[in-house]
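# A closer look at the structure
Read off the chains here:
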Amino acid sequence: MTTTTARRLHSGTKEHLYTWEGKDKTGKLVRGEMRAASDSVVKSSLRRQGTTPTKVKKQAISRGRKVTDKDVALFTRQLATMMKSGVPLLQAFDISIKGAGNPGLSRLLNEVRGEIETGSSLSQAFSKFPLHFDRLFCNLIAAGEQAGILDTILDRLATYKEKILAIKGKIKSALFYPSAVIIVSAVVVTIIMIWVVPTFKEIFASFGADLPTPTLVAIAISDFFVEYWWLIFGLLTASATIAISTYKRSVPMQIAADRTLLKLPVLGDIIRKATIARWSRTLSTMFSAGVPLVEALDSVGAASGNHLYMVATRNIQNEVSTGLSLNMSMQNSGMFPTMVVQMVSIGEEAGQLDHMLSKVADFYDQEVDDAVAAMSTLLEPIIMVFLGVVIGGLVIAMYLPIFKLGSVI
């Protein structure tokens, strides 16, 4: 629990955000923000600090959307740029808070700023909010503070987060198109089965003739949909909810799902390449920041995003800690292509491991780009055939009796 939050709970009083203007001891106009129970508390607090308040205004706080990885990446880039430009840390936070488009991010940064004001280091302040700033993030910030190169580390961290977000976006784009087509197809088929086919059924009943087999099958499926649509959608919703809930809680299921994803045709290859790119870039960023290899590997596994690579990284860490080289440990895991192992070997021998790992990440980023483009090209005709068979089959089944009647006439 943060100091600010603890203080708020202890007092039992609800605090609000106030903006204020005033004059300091030299008569200079100053502005700022403060959380307090009332405007009188703000004024008395400012007077104790030597500031004469001239204007205090309560701000309406919007909950806003949740803080996303993109918000954190953008803030990291802004903070890195301001630190490189020589802007003091607290002032940099003030600028980021005021410029944040998401009220949720503003509140988060305000809490972090409060922790720094109470004497915490930047890494300690970030570590109080693990939901948004993971261990890897905090470890890199701590390494930068210890080495006196915080601005450089922030720049590397911002680049790392931007690259990771980019590769996640590529995976999502690869999945979006087929998912969207399948969902739209399901909606169209449902509409046809529940509303369109019953209308045709009433028309066909007046024919007084035997219907073709495809038409009878379509009508039977439609009757089932009309009668049990609530059961179908209920089961689908319940199954999806149970599957998601079980996946979040069950580690064996997560491992099985990750293993299955890697074995999928086409998509599995993209996921594997994206995972290797993320793994390599994380280790490169940690190692270049001066974090010891064994300690860096402790954060790399969790950042890989795949349980199989997480387990493999844990085994690699154990072997490296006993004196085995990184490239041999990676080869023993069986999770990395020969090219990656050889690049790591060259990097170790040349003393440029972080540089070679960065090259590996760049290579696999490009591989993911090419694979996504190839998959999109491959999926388009497959999806067209799928839509033609499903939607076209239903349309033909409904019009067959009409064609038959026309030929008889």
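For clarity, every value in this text was computed on a predicted model and none was experimentally measured.

Procedures and definitions
- Residues numbered from 1 in each chain as written.
- Predicted model: local features only at pLDDT ≥ 70, side-chain atom pairs only at ≥ 80, totals over all residues.
- Heavy atoms only, no water.
- Helix = DSSP H or I, 4+ residues; strand = E, 2+ residues; numbered from the N terminus.
- Rg over C-alpha atoms; globule rule 2.2 N^0.38 Å.
- Buried < 20%, exposed > 50% of the residue type's maximum accessible area, 1.4 Å probe, protein only.
- Contact = heavy atoms within 4.5 Å.
- Axes fitted to C-alpha atoms, helices over the stretch in contact; angles between N-to-C directions.
- Parallel < 35°, antiparallel > 145°, perpendicular 65-115°, else oblique.
- Left-handed = near helix turned anticlockwise from the far one by under 90°.
- Nonpolar A, V, L, I, M, F, W, Y, C, P; charged D, E, K, R; others polar.
- Salt bridge = Lys/Arg side-chain N within 4 Å of Asp/Glu carboxyl O.
- Core = buried A, V, L, I, M, F, W, Y, C linked by side-chain atoms within 4.5 Å.
- Expected span 1.5 Å × (residues − 1).
- Bend = angle between axes of the 7 residues up to and from the residue.
- pLDDT = per-residue confidence, 0-100.

### Re the overall build of the protein chain
Within the protein chain, the regular secondary structure consists of 16 helices and three strands. A compact globule built from 409 residues should have a C-alpha radius of gyration of about 22 Å, whereas the protein chain, at 30 Å, is more than 25% larger. For the protein chain, the spread of C-alpha atoms along the three principal axes comes to 100 × 65 × 35 Å. Split into buried and exposed, the 409 residues of the protein chain put 39% on the buried side. Across the protein chain, contacts joining residues at least 24 apart in sequence account for 60% of those joining residues at least 6 apart.

### Observations regarding the packing of helix H3 (residues 69–84) against helix H4 (residues 89–99)
For any two helices packed against each other, the geometry comes down to the angle between their axes and how far apart the axes lie. Between H3 and H4, the least distance of the axes is 10 Å, while the angle of their chain directions is 140 degrees. In this view, H3 runs oblique relative to H4, as classed from their interaxial angle. Of the two possible hands of crossing, H3 and H4 adopt the one that is right-handed. Packed against H3, whose contacting residues are Phe 75, Gln 78, Leu 79, Met 82 and Met 83, the element H4 presents Leu 89, Ala 92, Phe 93, Ile 95 and Ser 96 at the interface. Looking at the contact of H3 with H4, its residues break down into eight nonpolar, two polar and no charged.

### Quick notes on the pattern of salt bridges
Enumeration over the complete set of coordinates arrives at twelve salt bridges. Among the ionic pairs, Asp 298 bridges to Arg 135, the shortest N-O distance being 3.5 Å. Taken as a pair, Asp 298 in helix H12 (residues 293–303) and Arg 135 in helix H7 (residues 135–147) lie far apart in primary sequence, 163 residues in all. Given the relative accessible area of 48%, Arg 135 is considered partly exposed.

### Details of the nonpolar core
Inside soluble globular proteins, nonpolar side chains tend to come together where they are buried. Phe 126, Phe 133 and Leu 326 are the most contacted members of the largest nonpolar core, which totals 76 residues. Residues contacting Phe 133, with those up to four places away along its chain left out, are Val 72, Phe 75, Leu 108, Val 112, Phe 126 and Cys 138. Val 189, Ile 194, Val 197 and Phe 225 belong to the second largest nonpolar core, which has 15 residues in total.

### Some words on helix H8 (residues 150–205)
Given a rise of 1.5 Å per residue, 56 residues ought to cover 82 Å, and the 79 Å separating the end C-alpha atoms of H8 matches this to within 8%. At Met 193, H8 shows its maximal bend, which comes to roughly 40 degrees.

### Comments concerning the confidence of the model for the protein chain
Taken over all residues, the pLDDT of the protein chain has a mean of 83, while the share at 70 or more is 92%. Within the model, pLDDT remains below 50 along residues 1–13, and this stretch shows 15 contacts once partners closer than five positions in the same chain are excluded.

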